[in-house]
Amino acid sequence: MKGLPEERAIVFAHYIIEHNTTVRATAKEFHISKSTVHKDVTERLKKLNPTIFAQVKEVLERNKSERHIRGGIATREKYARLKARG
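Chains are numbered independently. Their residues run from 1 in the order of the written sequence. Local features are withheld for residues below a pLDDT of 70 in this predicted model, meaning they are given only at 70 or higher, and side-chain atom pairs are given and counted only at 80 or more; totals for whole chains, interfaces and linings count all residues. Note that the side-chain values use all heavy atoms of the structure and ignore hydrogens as well as water.

Caption draft 1: Summary view of the packing of aromatic side chains. Only Phe, Tyr and Trp rings are paired, with Trp represented by its six-membered ring, and only when their centres lie within 6.5 Å; those with planes under 30 degrees apart are stacked, over 60 edge-to-face, the remainder tilted. For the coordinates displayed, the defined rule picks out 2 aromatic pairs. Between the aromatic rings of Tyr 15 and Phe 30, the centroid separation amounts to 5.3 Å while the plane-to-plane angle is 80°, which identifies the pairing as edge-to-face. In this pair, Tyr 15 is assigned in helix H1 (residues 5–19) and Phe 30 in helix H2 (residues 23–30), connecting sequence segments 15 residues apart. For the pair formed by Tyr 15 and Phe 30, the shared burial category is buried. Helix and strand definitions follow DSSP, with helices as H or I runs of at least four residues and strands as E runs of at least two, each counted in order from the N terminus. Throughout, exposure labels follow a simple rule: accessible area from a 1.4 Å probe, protein chains only, divided by the maximum for the residue type, with under 20% read as buried, over 50% as exposed, and the rest as partly exposed.

Structure follows, in structure tokens:
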């Protein structure tokens, strides 16, 4: 997704809020790097729209607090697949 960084920040923010998603999933959806998404929704958005920034920050903080759980699930699934193969 090309375009002005300010416009991108707003689009990414709305996507994160609506889909309750991570920076990684947002980057994958828009075919752009995680660092670009992160910079847009943390640094740029804070200056552009503090209200939306607060909502995005809430979602990102929740994702951060749950990431160890998602990692454990992914590891369990990985080893279940390996065990099923052989």
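Caption draft 2: Fine view of the environment of Lys 64. The topology assignment puts Lys 64 in helix H4 (residues 50–85). Overall, Lys 64 belongs to the partly exposed group, its relative accessible area being 48%. Each C-alpha atom, one on Lys 64 and one on Thr 22, is 8.7 Å from the other, the two residues being 42 residues apart in sequence.

Take it as geometry only, folks, not as evidence of what the structure does.
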